[in-house]
Amino acid sequence: MALEHTDQPFSHGTTARILVVDDEPRLLGTLATLLRNQGYDVAAAEGGGQACELISAQPFDLALLDLRMPGINGFDVMALLAEVQPDCGAIVVSGESSFTAVSRALRRGALDYIRKPFDPEELLATVEAVIGKQSLLRAHESIQLRLEKSEALHRYIVNSSPDIVFMLDEGGRFCFVNSKVESLLGYQPSELCGRHFRHILDDRDVTRGTYALNGPNITADNPRTLEVRLKTRGSRRATRHFEITAFPIDQQTWPHSGNTQGGGNGKSARYYGTARDVTERKEAEAFINFQAYHDLLTRLPNRALFKDRLELAITQAGRSGQKLAVMFLDLDRFKIINDTLGHAMGDRLLQAVTHRLEKCLRKGDTLSRFGGDEFTLLLPSIHNHEDARQIAKKLINALRAPFQLGDHEVFVGVSIGIAIHPEAGESMDQLIQNADIAMYHVKAKGKDGYRFYSESMSIDTANRLNLERDLRLAMERDELRVFYQPQVCSTTNRVVGLEALVRWQHPERGLLYPRDFLPLAEETKLIGQLSERVLDQACQDVGRWIRGGHPELRLAVNLSPIQVEHPRFVETLMQRVKAHRFPPGNLEIEITENVIMNDLEQISQKLRELACLGVRIAIDDFGTGYSSLNYLHRLPIHTLKVDQSFVKAIRSGEDGACIVNAIVAMAHGLKLEIVAEGVETDEQLEYLRGLGCHQVQGFFYGPARPAVDISRLLSQRAVRAAVS
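On a predicted model such as this, the values are computed, not experimentally measured, just so you know.

Caption draft 1: Looking closely at the side chain of E499. With respect to the secondary-structure elements, E499 resides in strand 19 (residues 495-506). Looking at E499, its side chain comes within polar contact range of the side chain of N558, at 2.6 Å. Of the polar contacts made by the side chain of E499, one reaches the side chain of K641; its length is 3.0 Å.

Shown next, in the form of structure tokens:
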């Protein structure tokens, strides 16, 4: 039963009774004090429960209440007010600012809406205005004025909304749209009113948007919410993402006012709603999703996306009975370029490599960056091995041309392992692993090529893993040995130099030669550590012999491409030489032509630095690589070493010796020393003497020997021939 309330309007001489409701004591006290200081009769309720007790016990002219309260919230209090004291007005004072909450409060009878934190003067002015309206409503018993107040507040909220607010008629045509549509989409409200809402829907969302509005079970408490793309004015391509919330209009409570903003007719409205721009959120979600499945540097699919596509391709291949191929690609010489020119140039190289590789692909192929300088390629629906072979050749040829990185011209190759489904594996992991194994076999055979996986490779891989483990242990157990092969003057038979060669005293396999383990050391990046140990031991041994009466004795050491191409190569080499007090003028480093030609500019600079410090430079295996008079003339080279394959061709009266003739003549013309490798017979020695080749090494004087044998050898005046 409603409480009795005076029908007489209260004037400025009559005190209005106000109920203040909030679950936060500090705000409640502040608001109550503010109103009491203005002369109002104030009752304070801490929370919705206490407010309901007061409403049931005594009459009020006005209630100021919060919406969000534990237990009984502001909407519940308003519902009780409407039932028990229908003449009591309500003002919402809340931090809740969503359109849905504001709209719901207005529909429940709120006369005004003040957002926390409130301005005291604004709040008092609002209270005074509402009380004045209440007095006028009581005096004239006019419900219409209350509706006008609600409509005015609603219009203010709509026009100030950051969202597009709209109304649609029963056919889906706009009969009202606020001015926000102009700033967000470029349309004038007047040009949209009377047009169907699908006019601004992106073509891809027309069907879904139209169905959503016509769907069942749309009520005020269960509005239709969906995300669609809306077209901007004048461009079908420029679309933005919006979250649409649409409510049906209750024809019993709709005031049926006349024309609305934009020229529409409010009487025909059947739906109203909002459209919130969520483009930035959607773009952020799309970017996060892209990050999860792509490599940001190359924009290629990453490992996760590649595996998803491979899993799907395997399933489809099983159904159709077709084959597919997985390729594992590893760039050759990338680490050297990355370390020498820096990571920024390395990143540019990866992007350039990606661009070339993508040009070789078919539609439907998936190229992925697996990590670092490794790529994987999925070739679905191939007919046979030849299809994969042709793609592999295209990829290799595509990367053979040099890359221009700023002022630098660099070369990079690729080693490719190929696994065919189902022969090389039926599962995703098997195919990737076996393609990887095949790639490592390409690396072991000299890089820059391709190989198909075979079952025998798994056996080789197991042996390789065991050997790698043993090699790492060999470092710890000091199983590496340094042997020395004499370089002998062909006229006096005196030892003029020693080439340091590494051997591995394996505990089970016996003495292993470089060909048995150096390729693995390079592949596993152990070559640097191994070479440092060889250099340290050689500097100790040869340094001792130099100080012991052989001041002209030369130490020749082979250096791997990985060492020479490292940015700190010169600094590191000289640090070790100085640490052993080894005279730089007695050191000769041997490098191949291929190392020089891989990056002529950088290598040239390093060789000049070493030459300035007194270190001699020798070209090993001369004649087997990129022989060029141009680089021989430009670089500080002291010695050419004739490869043993040419020396073996020396036979009396045979044409094979002509290559040796040309190399020796070239060396004399450039005033370079020359060393012939692999001399095994007296015939070869005599031929070389006749050409003027004064330094030789080979089995003619015996194989490489340990340091203890070399000490005895140096004590002799001349070296005796080991063979006749």
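There's plenty left to go through after this.
Caption draft 2: Here's a closer look at helix 4 (residues 99-107). Residues of helix 4 that are buried include every one of F99, A101, V102, S103, A105 and L106, and no others. Positioned one or two residues after helix 4, G109 has a phi angle of 110°, which is positive.

Caption draft 3: Structural view of the pattern of salt bridges. In total, this model carries 34 salt bridges according to the counting rule given. The closest approach of N and O atoms between K323 and E423, which form a salt bridge, is 2.8 Å. Here the residue K323 occupies a position in strand 11 (residues 323-332), and E423 occupies one in the loop between strand 16 (413-421) and helix 15 (428-444), the gap between them amounting to 100 residues. E673 is paired through a salt bridge with R616; the nearest N and O atoms lie 3.2 Å apart. A residue pair is termed long-range when its members are at least 10 positions apart, and E673 in strand 25 (residues 673-676) and R616 in strand 23 (residues 616-622) qualify at 57 residues. A residue is classified by how much of its surface remains accessible, and E673, at 31% relative accessible area, is partly exposed. Relative accessible area serves as the criterion here: at 16%, R616 is assigned to the buried category. Several salt bridges share partner residues, and in doing so they unite E227, R281, K282 and E285 into one network.

Caption draft 4: Structural view of the pairing of strand 24 (residues 639-642). Because side chains alternate across strand 24, one face comprises the buried residues T639 and K641, and the other comprises L640 and V642, equally buried. Bridge count for strand 23 against strand 24 is three bridges, and the pairing is parallel. Bridge pairing in strand 24 links F622 to V642.

Caption draft 5: Geometry of the packing of helix 12 (residues 334-341) against helix 13 (residues 343-358). Running from N to C, helix 12 and helix 13 point in directions that differ by 140°, and their axes come no closer than 6 Å. The orientation of helix 12 relative to helix 13 falls into the category oblique. Counted together, F334, I337, N338 and L341 of helix 12 and H343, M345, G346, L349 and L350 of helix 13 form the full contact between these two elements. For the contact of helix 12 with helix 13, the per-class residue count stands at six nonpolar, three polar and no charged.

Caption draft 6: Looking closely at unusual backbone geometry. Geometrically, the link from K116 to P117 is a cis peptide bond, its omega value of -10° lying close to zero. Tracing the chain through its elements places P117 in the loop between strand 5 (112-115) and helix 5 (120-140). Along the chain, H421 connects to P422 via a cis peptide bond; the corresponding omega equals 5°. Checked against the element boundaries, P422 lands in the loop between strand 16 and helix 15. A positive phi angle is found at R581, which is not glycine, with a value near 55°. In this fold, R581 is placed in the loop between helix 20 (569-579) and strand 22 (587-592). Owing to a relative accessible area of 62%, R581 belongs among the exposed residues under this scheme. Phi angles above zero are rare outside glycine, and K671 is one such case at about 60°. Turning to its location among the elements, K671 is positioned in the loop between helix 25 (658-669) and strand 25. For K671, a relative accessible area of 76% translates into the label exposed.

Rules used in this analysis
- All residue numbers here refer to positions counted from 1 along the written sequence of the relevant chain.
- The model is predicted, so local features are restricted to residues of pLDDT at least 70 and side-chain atom pairs to those at 80 or more, both for listing and for counting; the totals for chains, interfaces and linings are taken over all residues.
- Remark: hydrogens and water are excluded; side-chain values derive from all non-hydrogen atoms of the structure.
- Comment: elements are numbered from the N terminus, with helices defined as DSSP H or I runs of at least four residues and strands as E runs of at least two.
- Any pair of N or O atoms that falls within 3.5 Å is considered a polar contact. Within protein, one atom must be able to donate a hydrogen and the other to accept it, and sequence-neighbouring residues count only if both atoms are side-chain atoms.
- For each residue, the accessible area found with a 1.4 Å probe, counting protein chains only, is set against the maximum for its type, and the residue is called buried under 20%, exposed over 50%, and partly exposed in between.
- The salt bridge criterion pairs a side-chain nitrogen of Lys or Arg with a carboxyl oxygen of Asp or Glu, the two atoms within 4 Å.
- One bridge is not enough; two strands pair if DSSP finds at least two bridges between them.
- Only the contacting stretch of a helix is used when fitting its axis, a line to C-alpha atoms as for every element, and angles between N-to-C directions run 0 to 180 degrees.
- The labels follow the angle: roughly parallel below 35 degrees, roughly antiparallel above 145, roughly perpendicular from 65 to 115, and oblique for the rest.
- In what follows, residue pairs with any heavy atoms lying within 4.5 Å of each other are defined as contacts.
- When residues are sorted by character, Ala, Val, Leu, Ile, Met, Phe, Trp, Tyr, Cys and Pro go into the nonpolar class, Asp, Glu, Lys and Arg into the charged class, and all the rest, Gly among them, into the polar class.

These values are about where atoms sit, not about what they do.
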